[in-house]
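Chain and residue survey
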2 protein chains.
Amino acid sequence: MSNRVCISLDAMGGDHGPTTVVPGAAIARERHPELHFILFGDEAVVRPLVEAEPRLKGAVEIRHTTVAVAMDDKPSQAVRQGRGKSSMWRAIQAVRDGEAQAAVSAGNTGALMAMSKICLKTMAGIERPAIACLWPTVRGESVVLDVGATIGTDAEHLVEMAVMGSAMARIVLDVERPTVGLLNVGTEEMKGNEAVKEAARLLRESKPANFTYHGFVEGTDLGRGTTDVVVTEGFTGNIALKTAEGTAKQIASYLKAAMGRTLSAKIGYLFARQAFAALREKMNPSRANGGVFLGLEGIVIKSHGSENAQGFAAAVDLAHDMARHDLMRTIRDMLEQTPAVAAGVSAGLDASLAQK
Amino acid sequence: MSNRVCISLDAMGGDHGPTTVVPGAAIARERHPELHFILFGDEAVVRPLVEAEPRLKGAVEIRHTTVAVAMDDKPSQAVRQGRGKSSMWRAIQAVRDGEAQAAVSAGNTGALMAMSKICLKTMAGIERPAIACLWPTVRGESVVLDVGATIGTDAEHLVEMAVMGSAMARIVLDVERPTVGLLNVGTEEMKGNEAVKEAARLLRESKPANFTYHGFVEGTDLGRGTTDVVVTEGFTGNIALKTAEGTAKQIASYLKAAMGRTLSAKIGYLFARQAFAALREKMNPSRANGGVFLGLEGIVIKSHGSENAQGFAAAVDLAHDMARHDLMRTIRDMLEQTPAVAAGVSAGLDASLAQK
């Protein structure tokens, strides 16, 4: 049992709570039998669900709490009311205490980030945490960050995200030396805001040892998979992510309408229904569910609040991958092995301060 | 001929220059016989193309110039070399001089905006111009701005964009009282950066007379068509637009691959080919081509540089609509009729200055 991976779960998080979390955990365990879980939640609700899942037999410890963070709680309110006792806090705390290698919650993103920052603390050498997601592309997948942890950025934070995103890409995409792009409104050097231009200069000059800085990328490059990692500020990243989700839904609805309009189209649909099923699977956002909190002293994964059990299982898969391949150590190693980045950041800041 | 609409065209702009501009103008004139054009460009190239187009007979005046702005010229360089003499500048100047009611160019966006600002000047009461586009939605179309005129914003600029976008929506969407959303990372009041939060407060409190302030919208609302107008800062707006374009292309490539994979799918495709053609038409970005420069003392439309003649014709259609329904007067009226917005902006600025 040396390769046992233990994940703590906030059983009460998300729109559907334990009725999604428990079967989701079961699906993930079927794929990774080394998984074990600590489930935090209302035992009266959680236990019958766990007992109904043969795939979870002997793999779950339930820790009782009736305190749950609501989906619309403000982060400050959630921390005040849920610190130390809510299912969300305790799932994170299990990571801090070394009982679990990663925590997964489908709860309120703001509350999860606030609690994670307080409970786990920010990593040494990292200014602010970020949320990274896996973005489906025509070439496979890319790591995109920040998709909403913080609003506003500076060059230093963008450079840190390049390093952290590369560490995650090395694990999930299995590439030794990921390529990194900075999201911008054009690829020419003069384009963009000050933070992006300064980060580009730092990345270019510091010649990172563990990843390749590709240059600026645009919104169109996200779906194209031009780089393994795409770095951007949280406001823009969140809007880009939701715009892509919205566009995919929009096209799916056009397609559905087109295929039902004439008899000939309906017959065509019947012949091509397996192809459509494959397409639906490809476009299924659940496959890439899971936002990874990067830059904290521990691994926390956010599952989408409205996901079903398959979606939650994808988030657990991600937690498993990150724990199994030691994301924390990979980030630390990459930060250490790129002193040029750190030095470049300091030098850049000194230079920009000197100009003021 | 009282309803004659005259449009000036930069015949040398875009990846394909006059070979796209001239047939594009012809397509638009077939739809709107009241259209007349002043074409600026190299007469030796332009005249034979015009003479080959029976649909343009008697509707075109050619003004010769061999100076053209290159697609990769920096805006400052384009202004220095092209001021007063390039096809782009002279097309804009024709609007300033009252010869044309709108200008259309497929040239370099940065150069077109720089020249438009210098030649036409910013409208009274408007801080900075914006670029608006028509965004296809499941409900029809929305006006989205700014998609790349300026980087960075403040509350005042966002409020101005709400008014200008509403004026454009009134014309192109034919709604008397458009609804306006502010693009944000969530719909709750506490979400977003300071500019967005302050703009929301101003819009809520000023109770605009000509449009309805809906509240915050997210990236997913763009394709959904939740509001007639969506307002955002230029960096984020440009990335959202290109992300949607990229996602549409990505799904089209999945669809193509899926339909070619098995014999059954291929047969299905044959039966449904008209439905697919309708879908392709729906997803065709050329249909919604044309960025409208708002906030200048004249109408300038940017066509995408890589568009074909159909795409350029869509941009000319837009110019025709804007000129026909007097966009300039609509914006002025809406600004005047919403003194509360203007007052709110001043009060808000005073208050925020007082806090400093």
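Calculation notes
Residues numbered from 1 in each chain as written. Chains lettered and ligands numbered in written order. Predicted model: local features only at pLDDT ≥ 70, side-chain atom pairs only at ≥ 80, totals over all residues. Heavy atoms only, no water. Buried < 20%, exposed > 50% of the residue type's maximum accessible area, 1.4 Å probe, protein only. Helix = DSSP H or I, 4+ residues; strand = E, 2+ residues; numbered from the N terminus. Pairing = 2+ DSSP bridges. Axes fitted to C-alpha atoms, helices over the stretch in contact; angles between N-to-C directions. Contact = heavy atoms within 4.5 Å. Lys, Arg positive; Asp, Glu negative; His and termini not counted. Salt bridge = Lys/Arg side-chain N within 4 Å of Asp/Glu carboxyl O. Polar contact = N/O pair within 3.5 Å; in protein donor to acceptor, adjacent residues only side chain to side chain. Parallel < 35°, antiparallel > 145°, perpendicular 65-115°, else oblique. Left-handed = near helix turned anticlockwise from the far one by under 90°. Nonpolar A, V, L, I, M, F, W, Y, C, P; charged D, E, K, R; others polar. Domains from an automatic or database assignment. Buried area = accessible area lost by both parts, 1.4 Å probe.

Observations concerning the pairing of strand 5 (residues 130-137) of chain B
Residue and element names in this part refer to chain B. With seven of eight residues buried, strand 5 is to be regarded as a mostly interior element. Pairing of strand 5 with strand 10 (residues 291-294) involves three bridges; the strand directions are antiparallel. Across the sheet, residue Ala130 finds its bridge partner in strand 10, namely Leu294. For strand 5 and strand 6 (residues 140-145), the ladder comprises six bridges, and the chain directions are antiparallel. The partner of Ala132 across the bridge, within strand 6, is Leu145. Here strand 5 folds back onto strand 6, and the loop between the two strands holds two residues.

Describing the sheet that holds strand 7 (residues 179-183) of chain A
Residues and elements named next belong to chain A. Ordered by their spatial adjacency, 11 strands build an open sheet running 3-2-1-4-11-10-5-6-9-7-8, and the pairing between neighbours is mixed. Sheet topology places strand 3 (60-64) and strand 8 (212-217) at the edges, where each strand pairs with a single neighbour. On average, each strand axis in the sheet is tilted by 25° relative to the strand beside it, whichever way the strands run. Each of strand 1 (5-10), strand 2 (35-41), strand 4 (102-105), strand 5 (130-137), strand 10 (291-294) and strand 11 (300-302) touches helix 12 (residues 309-324); the most contacted strand, strand 1, lies at about 140° to it.

Structural notes on unusual backbone geometry
Going from Leu145 of chain A to Asp146 of chain A, the amide bond is cis rather than trans, its omega being 0°. When you line up the elements, Asp146 of chain A lands in the loop between strand 6 (140-145) and helix 6 (155-172). With a phi angle near 40°, Lys207 of chain B is a residue other than glycine that sits in the positive phi range. Inspection of the secondary structure puts Lys207 of chain B in the loop between helix 7 (194-206) and strand 8 (212-217). According to the relative accessible area criterion, Lys207 of chain B is exposed, its value standing at 65%. The phi dihedral of Asp326 of chain B is positive, around 50°, even though this residue is not glycine. With respect to the helices and strands, Asp326 of chain B occurs in the loop between helix 12 (309-324) and helix 13 (327-336).

Side note on the side chain of Lys302 of chain A
Residues and elements named next belong to chain A. Here Lys302 shows up in strand 11. At 7.9 Å, Asp15 is the nearest oppositely charged side chain to Lys302, a buried residue that forms no salt bridge. Within polar-contact distance, the side chain of Lys302 engages the backbone oxygen of Gly107 at 3.2 Å. Residues contacting Lys302, with those up to four places away along its chain left out, are Ser105, Ala106, Gly107, Asn108, Thr109, Leu112, Gly290, Gly291 and Phe293.

Regarding the environment of Ile239 of chain A
Residues and elements named next belong to chain A. Structurally, Ile239 is set in helix 9 (residues 234-259). Accessibility expressed as a relative area gives 0% for Ile239, which makes it buried. Sequence spacing of Ile239 and Ala103 is 136 residues, and the spatial spacing of their C-alpha atoms is 26 Å.

Observations concerning the packing of helix 1 (residues 18-31) of chain A against helix 12 of chain A
All names here are of chain A. Running from N to C, helix 1 and helix 12 point in directions that differ by 55°, and their axes come no closer than 7 Å. Taken together, the axes of helix 1 and helix 12 lie oblique to each other. The two elements helix 1 and helix 12 meet at a crossing, and its hand is right-handed. Facing helix 1, whose interface residues are Thr20, Val21, Pro23, Gly24, Ala25, Ile27, Ala28 and Arg31, helix 12 presents Ala309, Gln310, Phe312, Ala313, Ala314, Val316 and Asp317. Per-class residue counts for the contact of helix 1 with helix 12 are 10 nonpolar, three polar and two charged.

Quick word on the sheet that holds strand 7 (residues 179-183) of chain B
All names here are of chain B. As summarised here, the arrangement of the 11 strands in space is 3-2-1-4-11-10-5-6-9-7-8, forming an open sheet in which the pairing is mixed. Looking along the sheet, the strands with just one partner apiece sit at the ends: strand 3 (60-64) and strand 8. The average angle at which neighbouring strand axes cross in this sheet is 25°, direction not considered. For strand 7 and strand 9 (residues 229-231), the ladder comprises three bridges, and the chain directions are parallel.

A closer look at the domain arrangement of chain A
A common measure of how large an interface is: the accessible area buried when the components associate. All names here are of chain A. According to the domain assignment, chain A contains domain 1 (1-121 + 296-325) and domain 2 (124-292 + 326-356). For domain 1 and domain 2, the distance between their C-alpha centroids amounts to 25 Å. Contacts between the two partners involve 24 residues from domain 1, matched on the other side by 21 residues from domain 2. Contact between domain 1 and domain 2 buries roughly 1,700 Å² in total, counting both sides, with carbon and sulfur atoms accounting for 59%. The tally of links from domain 1 across to domain 2 stands at one salt bridge.

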